[in-house]
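Next come the chains, spelled out residue by residue.
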Amino acid sequence: MLKLKEEALDKMIKQAKRDYPYETCGLLIGKVNGDERIVLEAFETPNVNPDRKHDRYEIAPKDYMKAEDYAMSKGLEIVGVYHSHPDHPDRPSEFDLKRAFPEFSYIILSVQKGKVVSFRSWELKGEKFEEEKLEVID
Ligand SMILES: [Zn+2]
């Protein structure tokens, strides 16, 4: 179960539109409460994939560390990753699956012709992704 602050969602949507037709990405900052993850902020990270930004994203280790430092300074933690799928549905690709960690939420936003049409959150269960319940909060 993922709770997502509306401000963080707005930021992801703006970013996904701005970076179309390339994938945008970032880290979800918040806290874990039992089996619930709460996202309070979206921390933008550059997509450093060298040659396939239209269908791949990559977060540089230094940007990951920056996000981690930022989260810690606020008493929070990294609870997941978000990225966009330009002209593709909001479900994870094989590539996404290969690189996923357990205990993280993965929000994917589908951008069709420059507009964000849907988004969903996924979590790793064993060897595959399952959609997780997502609630937007104020
Ligand atoms: Zn993807």
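Residues numbered from 1 in each chain as written. Predicted model: local features only at pLDDT ≥ 70, side-chain atom pairs only at ≥ 80, totals over all residues.

Concerning the pairing of strand β3 (residues 36-45)
So, step 1. Where strand β1 (residues 2-5) lies against β3, three bridges are found, and the strand directions are parallel. Across the sheet, L4 pairs through a bridge with V39, a residue of β3.
So, step 2. Taking the residues that link successive antiparallel strands as the turn, the strand β2 (residues 25-33)-β3 hairpin has two residues, and the phi of G34 there is positive, at about 65 degrees. (Pairing = 2+ DSSP bridges. Helix = DSSP H or I, 4+ residues; strand = E, 2+ residues; numbered from the N terminus.)

A short note on helix α2 (residues 61-73)
Helical geometry: 3.6 residues make up each α-helical turn, so side chains three or four residues apart lie on a common side.
So, step 1. With 13 residues, α2 extends 18 Å between its outermost C-alpha atoms, agreeing within 8% with the 18 Å of an ideal straight helix rising 1.5 Å per residue.
So, step 2. G75 occupies a position one or two residues after α2 and carries a positive phi of about 70 degrees. (Expected span 1.5 Å × (residues − 1).)

What to know about helix α1 (residues 6-19)
So, step 1. Between its terminal C-alpha atoms α1 stretches 20 Å, which fits the 20 Å expected from 14 residues at 1.5 Å a residue.
So, step 2. Within α1, the full set of buried residues consists of A8, L9, M12, Q15, A16 and D19. Buried residues of α1, seen end-on, are gathered within an arc of 130 degrees and therefore sit on one face of the element. Exposed and facing more than 90 degrees away from the buried side of α1 are E6, D10 and R18. (Buried ≥ 20, exposed ≤ 12 C-beta atoms within 10 Å, placed from the backbone. Arc of directions from axis to C-beta.)

Some words on the pairing of β1
So, step 1. Residues of β1 alternate between two faces, with L2 and L4 buried on one and K3 and K5 left unburied on the opposite face.
So, step 2. One ladder, built from four bridges, connects β1 with strand β8 (residues 134-137); its direction is parallel. Across the sheet, K3 pairs through a bridge with E135, a residue of β8.

Let's talk about the sheet that holds β3
So, step 1. Here eight strands make up an open sheet; going across it, the order is β7-β6-β5-β4-β2-β3-β1-β8 and the pairing mixed. Looking at the sheet topology across the chains shown, the edges are occupied by β7 (128-132) and β8. Mean inter-strand twist for the sheet, computed between neighbouring axes without regard to direction, equals 35 degrees.
So, step 2. Its contacts with the sheet place α1 against β1, β2, β3, β4 (77-86), β5 (105-112), β6 (115-125) and β8, and it is angled at close to 35 degrees to β3. (Axes fitted to C-alpha atoms, helices over the stretch in contact; angles between N-to-C directions. Contact = placed C-beta atoms within 7 Å.)

Honestly, that's just the spatial picture; any functional story needs more than this.
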